Amino acid sequence: MTTLSSKLFAVAKQHIPGGVNSPVRAFKNVDGEPFFVRRAKGSRITDIDGKTYIDYIGSWGPNILGHAPVEISNTIHQVAKDGISFGIPNPFEVDMAKTICEWVPSVEKVRMTSSGTEATMSAIRLARGFTKRDYIVKFDGCYHGHSDSLLVAAGSGALTNGEPDSAGVPKAFAEKTIVLPYNDPETLTKLFEEKGESIAAIIVESYPANAGLVFPKAGYLELLSSITKKYGALLIFDEVMTGFRLGKAGVQGLENLTPDLSCFGKVIGGGLPVGAFGGRADVMDMLAPLGPVYQAGTLSGNPLAMAAGLAQLRQLTKGVNGSTSGPNGFDRLETLGQHFETGLRALMEKKGIPHRINRVGSMFCLFFTDREIVNVDDVMKQDMELFRKFFWACLDKGVYIAPSPYETGFLSLAHSEADLDETLTVFEDALSEI
Ligand SMILES: *Cc1c(COP(=O)(O)O)cnc(C)c1O
């Protein structure tokens, strides 16, 4: 059947490489073609052929209130009347910086960017400038955006497309990035014993969520913290995905840790293009114009993006029933997450399909394997064919999960218990027919 989406995709492919502006959207890993979106509202997304899906991607993380929340749409309309970009300071930037510093105790100062990629790229430049060392350490399967130094053994689209390294990244750059297996304290300790004095920083996804959703072993994050301290390196938490999604202070708040620098994005932009990096004031003050580490951005701190992000953060801390006390948005997301996890576990048990389920708050991942999920190697060993069939059966029945087994699923405040139950019924039907 020729759909409007497939016709438009044919045109897109003539003018855009692969027809998409970010590789994971191409549905390559499920051997198919994407649909084009007409509109999205709340928990639902509608394609240009008029079919509506319950959405578990939420623009890959930013849409924690659901699609087109009225609080954010109204804010954007209102703010845009007074101007769209100024290239000179505006009050929203200060409000945003103050909010981040108040919510995340490790962040004393923060600089805004326009994407998560810029945030991590700038954070490692800053760490190198501050320590006057060149090497950085990252972990296999952790995705930190697509800058040269970080696109080495990365997750997300890089994994999906089977290209852990990108062409066009000079060997000399990649050599300054040391890649270690995640959750392996011995290898890490050995590396620091040999090379610790020349390592600028460890960068880590606070909970790796771009190659499935993987949790640190007990004590692992503490080891990252103590070993960087011991050798005078910096610890950079990439909370682009987890920040402002898993509570006011992200994973560092949950785990009670104090990284030197942190990177943010996604949720703080309210769906507009935003990133941020921040941390210790003595490190952040190395940035231009105060210090010698250069970093800039024409649209950084954009008033629309700042106002949209602030509106989103305000909604998250509001009481769920409009009251200022009692459970807030984060508590509600945990309740929804528990509801979904309980139902999903029961379903998978009933079906007798080997599986693992990792979940925290509103983030979840179903793996078609019974291996313990310690790192990306375990994630790669799931039943990919089963996943592919499951994906298409769900899509057909009106549930849109990520078109790749390496992605985390997201719930939003717009999802209701009824949505989740409907989804579990779709999952059951899908598993029955494949
Ligand atoms: C999405 C993501 C990035 C990159 O952010 P962009 O805005 O896509 O550039 C970096 N790190 C993590 C952990 C991410 O999930």
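Residues numbered from 1 in each chain as written. Predicted model: local features only at pLDDT ≥ 70, side-chain atom pairs only at ≥ 80, totals over all residues. Heavy atoms only, no water.

Caption draft 1: Structural view of the overall build of the chain. Counting its secondary structure elements, the chain contains 15 helices and 14 strands. For 434 residues, the compact-globule estimate of 2.2 N^0.38 gives 22 Å, and the chain sits close to it at 21 Å. Reported as C-alpha extents along the three principal axes, the dimensions of the chain are approximately 60 × 55 × 50 Å. Expressed as a percentage of its 434 residues, the buried residues of the chain come to 56%. In the chain, once contacts between residues fewer than 6 apart in sequence are set aside, the share between residues at least 24 apart is 71%. For the chain, the accessible surface area stands at approximately 18400 Å², while carbon and sulfur atoms represent 53% of it. Of note, the chain has its 42 positive side-chain charges centred 3 Å away from the centre of its 50 negative side-chain charges. (Helix = DSSP H or I, 4+ residues; strand = E, 2+ residues; numbered from the N terminus. Rg over C-alpha atoms; globule rule 2.2 N^0.38 Å. Buried < 20%, exposed > 50% of the residue type's maximum accessible area, 1.4 Å probe, protein only. Contact = heavy atoms within 4.5 Å. Areas by Shrake-Rupley, 256 points an atom, 1.4 Å probe, with all protein chains shown as cover. Lys, Arg positive; Asp, Glu negative; His and termini not counted. Charge placed at Lys NZ, Arg CZ, Asp CG, Glu CD.)

Caption draft 2: Fine view of the nonpolar core. Of all hydrophobic cores here, the largest spans 38 residues; its most connected members are Phe 368, Phe 390, Tyr 400 and Phe 427. Those elements that provide at least two residues to this core are strand 3 (52-55), helix 12 (329-351), strand 12 (363-367), helix 14 (384-396), strand 13 (399-400) and helix 15 (417-433). It is helix 14 that contributes the most residues to this core, seven residues altogether. Sequence-distant contacts of Phe 368, that is, excluding residues within four places in its chain, are made with Met 348, Ile 353, Pro 354, Gln 382, Asp 383, Leu 386, Phe 387, Phe 390 and Leu 431. If you look at the next biggest cluster of nonpolar residues, it comprises 37 residues, including Cys 142, Leu 188, Ile 199 and Ile 202. (Core = buried A, V, L, I, M, F, W, Y, C linked by side-chain atoms within 4.5 Å.)

Caption draft 3: Spatial organisation of the site of the ligand. Around the ligand, the neighbouring residues are Ser 115, Gly 116, Thr 117, Tyr 143, His 144, Gly 145, Glu 205, Asn 210, Asp 238, Val 240, Met 241 and Lys 266. In the environment of the ligand, a nitrogen atom lies 2.7 Å from a nitrogen or oxygen atom belonging to the side chain of Asp 238. Protein contacts shield 83% of the accessible area of the ligand, which totals 380 Å² for the unbound molecule. (Near = heavy atom within 4 Å. Polar contact = N/O pair within 3.5 Å; in protein donor to acceptor, adjacent residues only side chain to side chain.)

Everything listed here is a matter of geometry and, on its own, says nothing about what the molecule does.
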